[in-house]
2 protein chains.
Amino acid sequence: MTARQAFACTKPVDDLLDPALFKALGDPTRIKLLSCIIKCGRPCSVGEIAACCAVDLSVVSRHLAVLARAGLAESSKSGRTVRYGARHAHLCQTLRALADAVEECVPSRLAACEGGCCGC
Amino acid sequence: MTARQAFACTKPVDDLLDPALFKALGDPTRIKLLSCIIKCGRPCSVGEIAACCAVDLSVVSRHLAVLARAGLAESSKSGRTVRYGARHAHLCQTLRALADAVEECVPSRLAACEGGCCGC
DNA sequence: TGCGTACTTGTGCCATGATGCAAATATAGC
DNA sequence: GCTATATTTGCATCATGGCACAAGTACGCA
């Protein structure tokens, strides 16, 4: 298979390799916050999370919003406080699906496929 | 567990959530190139890969170097041509390890742990 | 209704990074 | 050695994004 053919061939890995998702994971501060709520297990308020690191609370608020928009966290509001919790199950599922999609493309499997598995 | 405790508590997920890795995956053009060499299965030359997309060859060269530096691809030089291939196995392993590390932090497991699993 | 708390949003600044073009480097073939 | 090809690197430009501070919004409470 030529590179051009591979480029044009649509496979599950194309949809799962989402730049928007990885962009959300690409900032050190944001990763620290995500790691924090992942490890905490329960939803935490913005102020509580902000107390953990050096950056301004407004920055934390924005970072958490980004994580939520990327599907990595979810927010729930009760009164004045907004709590963010990690979407453990969704995250695991996404990662494993991507791993499976990549594994589907290992040379040995593609050779067995002989170009007949997809319409490319 | 408070957010501060979770933040301070070191778990496998901390090392596996590597911002540098995700930063490499966070650009649309770079993702297209990575997807291409993942699906192709075999190592492709820079020029061959560059022929697939609209950006300049120099840009492709830089992107592939970034992917290699992040451990997502590997390069091999033979004569004048440099070929880049996806590191399928390494990528799958990394993703699955991360999924496992996240799963280790789901609320039900943390509750069962009762704070005794780690030194935090 | 007024006040304090919790968070979000607006704004300006600065660093990073993606891009194209041109020049440089590496190497094969003559 | 000379030339053509394959790739990398230098450089200028431009867009994006992270940050702090300040202002705004939402809401509980007296």
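See the structure above.
From a predicted model like this one, the values you see are computed outputs, not experimental measurements.

## Some details on the interface of chain A and chain B
Taken together, the 49 residues of chain A in the interface contact 49 residues of chain B. In total, chain A and chain B occlude about 4,200 Å² of area from one another, counting both sides; carbon and sulfur atoms represent 71% of this. Contact with chain B buries surface across chain A, with F7(A), K39(A) and R96(A) losing the most and accounting together for 17% of the total. In this structure, the connection of chain A to chain B is made through six salt bridges. Here chain A and chain B share 18 residue pairs in polar contact (both at pLDDT 80 or more) between them.

## Digging into the sheet that holds strand 1 (residues 44–45) of chain B
All names here are of chain B. In space, the three strands of this open sheet follow the order 1-3-2, with antiparallel pairing throughout. For this open sheet the edge positions go to strand 1 and strand 2 (73–78), each flanked by a neighbour on one side alone. With six bridges joining them, strand 2 and strand 3 (residues 81–86) adopt antiparallel strand pairing. Within the sheet, the bridge partner assigned to S75 lies in strand 3 and is Y84.

## A word on the packing of helix 4 (residues 28–40) of chain A against helix 6 (residues 57–69) of chain A
Residue and element names in this part refer to chain A. Two numbers describe how helix 4 lies on helix 6: the axes approach to 10 Å, and their chain directions differ by 75°. Compared by their axis directions, helix 4 and helix 6 come out roughly perpendicular. Side by side, helix 4 and helix 6 meet where T29, R30, L33 and L34 of the first sit next to V60, H63, V66 and L67 of the second. Here the contact of helix 4 with helix 6 is built from residues that sort into five nonpolar, two polar and one charged.

## Some thoughts on the sheet that holds strand 1 (residues 44–45) of chain A
Residues and elements named next belong to chain A. Spatially, the three strands line up as an open sheet ordered 1-3-2, and their pairing is antiparallel. What marks the edges here is a single partner per strand, and that holds for strand 1 and strand 2 (73–78). The strands touched by helix 4 within the sheet are strand 1, strand 2 and strand 3 (81–86), with strand 3 carrying the most contacts at an inclination of about 80°.

## Notes on the pairing of strand 3 of chain A
Residues in a regular strand point their side chains to alternate faces of the sheet. Residue and element names in this part refer to chain A. Relative to strand 3, strand 1 runs antiparallel, the two sharing two bridges. By the bridge assignment for strand 3, S45 is matched with R83. Count of turn residues in the strand 2/strand 3 antiparallel hairpin: two residues, of which G79 carries a positive phi of about 70°.

## Some words on the protein's contact with DNA strand D
Every one of the 24 residues lining DNA strand D counts as a neighbour, but T29(A), D56(A), H63(A), S61(B) and R62(B) are closest to it. Each atom of DNA strand D within 4 Å of the protein was classed as base or backbone; sugar and phosphate made up 66%. Measuring from a base nitrogen of DNA strand D, one finds a side-chain N or O atom of S58(A) at 2.8 Å. Within the backbone of G47(B), an N or O atom sits 2.8 Å from a phosphate oxygen of DNA strand D.

## Considering the relation of the copies chain A and chain B
With an RMSD of 0.0 Å, the fit of chain A onto chain B corresponds to turning through 180° and sliding 0.0 Å along the axis. On the angle and the small slide along the axis, the relation comes out as a two-fold axis. Taken together, the interface assignments show that 100% of the residues at the interface of chain A recur at the interface of chain B, consistent with an identical surface on both copies.

## Details of the pattern of salt bridges
Under the definition given, this model contains eight salt bridges over all chains. The partner of R96(B) in a salt bridge is E103(A), with the nearest N and O atoms 3.0 Å apart. With one member in each of two chains, R96(B) in helix 7 (residues 88–103) and E103(A) in helix 7 (residues 88–103) form a pair that bridges those chains. Its relative accessible area of 25% is what places R96(B) among the partly exposed residues. A salt bridge links E48(B) to R42(B); its shortest N-O distance comes to 2.7 Å. Look at R42(B) and you get partly exposed, because its relative accessible area is 28%.

## Remarks on the protein's contact with DNA strand C
Surveying the vicinity of DNA strand C reveals 24 residues, the closest of which are G47(A), S61(A), R62(A), T29(B) and H63(B). Taken together, the sugar and phosphate atoms account for 62% of what DNA strand C places within 4 Å of the protein. Note that a base nitrogen of DNA strand C is positioned 2.9 Å from one of the side-chain N or O atoms of R80(A). In the environment of DNA strand C, a phosphate oxygen lies 3.3 Å from a nitrogen or oxygen atom belonging to the backbone of V82(A). Taken together, the elements giving at least two residues each to the surface near DNA strand C come down to helix 5 (46–50), helix 6 and strand 3 of chain A together with helix 4 (28–40) and helix 6 (57–69) of chain B. Here the surface near DNA strand C is composed, by residue class, of six nonpolar, nine polar and nine charged.

The rules behind each value
- Residues numbered from 1 in each chain as written.
- Chains lettered and ligands numbered in written order.
- Predicted model: local features only at pLDDT ≥ 70, side-chain atom pairs only at ≥ 80, totals over all residues.
- Heavy atoms only, no water.
- Contact = heavy atoms within 4.5 Å.
- Buried area = accessible area lost by both parts, 1.4 Å probe.
- Salt bridge = Lys/Arg side-chain N within 4 Å of Asp/Glu carboxyl O.
- Polar contact = N/O pair within 3.5 Å; in protein donor to acceptor, adjacent residues only side chain to side chain.
- Pairing = 2+ DSSP bridges.
- Helix = DSSP H or I, 4+ residues; strand = E, 2+ residues; numbered from the N terminus.
- Axes fitted to C-alpha atoms, helices over the stretch in contact; angles between N-to-C directions.
- Parallel < 35°, antiparallel > 145°, perpendicular 65-115°, else oblique.
- Nonpolar A, V, L, I, M, F, W, Y, C, P; charged D, E, K, R; others polar.
- Near = heavy atom within 4 Å.
- Least-squares fit on C-alpha atoms with pLDDT ≥ 70 in both.
- Buried < 20%, exposed > 50% of the residue type's maximum accessible area, 1.4 Å probe, protein only.

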